[in-house]
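Overview (structure and organization)
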Amino acid sequence: PLTRMRADLSRALEPQIGDEDRLDAIEQAHGEADRALSTLSALMDIARAEAGLSRDMMAPLDLAALVAEVGELFAPVIEDAGQTFVAPDLRPSLIVQGHELILRQAVGNLLHNAAHHAGEGAVVRLALEETPGLIRIVVSDSGPGIAPEHRGRVRERFVRLDAARSKPGGGLGLAIAAACAKLHGGTLELEDAHPGLRAVIGLADNRLGRPPQDSAMSVT
């Protein structure tokens, strides 16, 4: 983004350029500045989460409500992409100790990725699952998925597969989701959805008000 911003500003400074083209170049540079700031902010979020520095922002929150709210926010984006969104079932409150901002960002990134990469006609599902000692936020789609040999790489910063290079993005969405899982004592898993991809943010079960359940329960 910084390279493109510099090129746009250089174009705007050319003496022979017309006013309309100059304003267009400045507008393009403004957009690149926003993307650069967004990338820097994402990198800082990842670094803080991976280092455990974001734990000072952990507080009680209703994870069930948070997941539902993020789903409502992204439902129009998914539908605009010609896909079908399946929201999580309504369920009782699930109060945990968590970092609200990075959880919202991580779930939003997974839904955003599905909207951009699953393809028209795909079904995108958001679910909250509980197993002994673990709470799982799951975004699955019926798109082309990611080949098993690439699933480790795409969780790294700035890694984008060839099929995604023509689309906007900085290659940080899955890295943020992985950092979010790590901050909450879990991992990000990318699984085969037969067909498609299941992206699972695993969180250590630290719910407040009652002990972890002994038996598995899944809510989809």
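Just so we're clear, the structure is a prediction, and the values are computed from it rather than from any experiment.

Along the backbone of the protein there are five helices and eight strands. For the protein, the sequential pattern of α-helices and β-strands runs α-α-β-α-β-β-α-β-β-α-β-β-β. Sorting the 220 residues of the protein into buried and exposed places 40% on the buried side.

On to the pairing of strand β5 (residues 134-141), then. Working note: regular strand, side chains alternate between the two faces of the sheet. Burial within β5 is extensive, with seven of its eight residues counted as buried. Sheet analysis places strand β4 (residues 123-131) next to β5, joined by eight bridges and oriented antiparallel. Within β5, the position partnered with L128 by the bridge is I137. Between β4 and β5, which pair antiparallel and follow one another directly, the connecting turn spans two residues, one of which, G133, has a positive phi of 80°. Where β5 meets strand β7 (residues 197-204), eight bridges bridge the pair, whose relative direction is antiparallel. When the sheet's bridge partners are listed, I137 is paired in β7 with I201.

Turning to the environment of P132, a few remarks are in order. Inspection of the secondary structure assignment puts P132 in the loop between β4 and β5. Note: C-alpha distance between P132 and D205 (73 residues apart in sequence) is 7.9 Å.

Attention shifts here to the pairing of β4. Bridging between strand β2 (residues 84-86) and β4 involves three bridges; their strand directions are parallel. Residue pairing in the sheet places F85 in a bridge with V124 of β4.

It is worth spelling out the side chain of S140 at this point. In this fold, S140 is placed in strand β5. Those residues in contact with S140 that lie beyond four places of it in its chain are V123, V124, R125, L197 and R198.

How each quantity is defined
- Residues numbered from 1 in each chain as written.
- Predicted model: local features only at pLDDT ≥ 70, side-chain atom pairs only at ≥ 80, totals over all residues.
- Heavy atoms only, no water.
- Helix = DSSP H or I, 4+ residues; strand = E, 2+ residues; numbered from the N terminus.
- Buried < 20%, exposed > 50% of the residue type's maximum accessible area, 1.4 Å probe, protein only.
- Pairing = 2+ DSSP bridges.
- Contact = heavy atoms within 4.5 Å.

Function cannot be inferred from these measures alone, as they are strictly geometric.
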